[in-house]
Amino acid sequence: EKDLKMLDIPRKIFYQNEQVLKEALKQYPENILNYIELGKFYKDRKRFVEAEAILKEAIDIDAKNISPYLELGYLYAFQGRYSLAEKQFIKAMKIEPMNGTVYIELGKFYEKIGYFTRAAELFNKAVEIQPKEAVFYMELSQFYERENNTEGAEVVLRKASEIIPESDLIASHLGRLYRN
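Each value, and the rule that gives it
- Residues numbered from 1 in each chain as written.
- Predicted model: local features only at pLDDT ≥ 70, side-chain atom pairs only at ≥ 80, totals over all residues.
- Heavy atoms only, no water.
- Helix = DSSP H or I, 4+ residues; strand = E, 2+ residues; numbered from the N terminus.
- Buried < 20%, exposed > 50% of the residue type's maximum accessible area, 1.4 Å probe, protein only.
- Contact = heavy atoms within 4.5 Å.
- Areas by Shrake-Rupley, 256 points an atom, 1.4 Å probe, with all protein chains shown as cover.
- Lys, Arg positive; Asp, Glu negative; His and termini not counted.
- Charge placed at Lys NZ, Arg CZ, Asp CG, Glu CD.
- Core = buried A, V, L, I, M, F, W, Y, C linked by side-chain atoms within 4.5 Å.
- Phe/Tyr/Trp six-rings, centres within 6.5 Å; stacked < 30°, edge-to-face > 60°.
- Lys NZ or Arg CZ within 6 Å of the ring centre and 35° of its normal.
- pLDDT = per-residue confidence, 0-100.

Asks: Account for the overall build of the protein, naming residues and giving values.
Replies: Counting its regular elements, the protein contains ten helices and zero strands. Mapped from its N terminus to its C terminus, the protein presents α and β elements in the order α-α-α-α-α-α-α-α-α-α. With the principal axes as the frame, the protein shows a C-alpha extent of 55 × 45 × 30 Å. For the protein, the proportion of its 180 residues judged to be buried stands at 41%. In the protein, of all internal contacts separated by at least 6 residues, the share reaching a separation of at least 24 is 42%. Total accessible area on the protein stands at roughly 10,800 Å², and carbon and sulfur atoms take up 54% of it. For the protein, the distance from the average position of its 27 positive side-chain charges to the average position of its 29 negative side-chain charges is 4 Å.

As structure tokens, this is what we get:
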């Protein structure tokens with residue numbers, strides 16, 4: 001009986017978390033982050049219809065905020081609805097064409113569905129438009145590694161280390177490349 005009660009705890013916690021997110025949304029309906037967090041909560045629990053509805057509501061409230069578009073893109077990609085996912089990522093890119101994060105996320109999407117050349121173009125575009133963002137070089141490096149291009153990975157990691165020379169993370173990635 002004790003074990004059965006333990007199984008009920010996660011359900012209770014999830015229910016409480018959902019109630020907290022809904023209450024935050026109720027108290028602060030203008031805060032887009034509340035919609036996004038509730039949408040992610042629903043997506044993680046495979047409640048896709050609810051996730052889609054809440055993310056579309058966020059877009060209705062603030063159509064210039066790229067975050068709901070990205071989250072809706074992740075949701076559709078997770079469901080295998082790739083055409084719809086791509087449309088959401090492209091909408092985000094049109095809203096903020098100089099935001100490297102949008103290019104990175106669209107690049108990850110294209111990589112996932114096997115469009116490696118297009119993915120590489122987008123990862124490179126991110127570092128081109130925001131050359132001081134070490135994290136974009138890290139993303140590009142990881143892409144190169146997955147494509148077995150260790151030389152390319154090393155080159156962009158070195159650029160990242162020029163931006164943040166004291167980064168242990170970058171140093172460890174470079175060390176791993178040298179060991180392989």
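Asks: Help me get a handle on the nonpolar core, residues and values and all.
Replies: Counting residues in hydrophobic clusters, the biggest one holds 51 residues, and the most contacted among them are Leu38, Ile54, Leu106, Phe109, Leu140, Phe143 and Ile170. Once residues within four sequence positions are removed from consideration, Leu140 is found in contact with Phe123, Asn124, Val127 and Val156.

Asks: For the packing of aromatic side chains, give the residues involved together with the corresponding values.
Replies: Aromatic ring pairs are described here by two measures, namely the spacing of the ring centres and the angle between the planes. The final tally for this structure, using the stated rule, is nine aromatic pairs. A cation over a ring is seen here: Lys43 above Phe78, with NZ or CZ 5.1 Å from the ring centre. Looking at Arg45, its charged tip hangs above the ring of Phe41, at a distance of 3.8 Å from the centre.

Asks: Explain the confidence of the model for the protein residue by residue, including any values.
Replies: Taken as a whole, the protein shows an average pLDDT of 90; of its residues, 91% reach a score of 70 or greater. For the stretch residues 1-9, pLDDT sits under 50, and the model shows zero contacts to residues farther than four places along the chain or on other chains.

Asks: So, the side chain of Glu111: which residues are in play, and what are the values?
Replies: Within the secondary structure layout, Glu111 lies in helix H6 (residues 100-112). Among the residues examined, Glu111 registers a relative accessible area of 13% and is labelled buried. In contact with Glu111, other than residues within four places in its own chain, are Phe116, Ala119, Phe123, Phe143 and Arg146.

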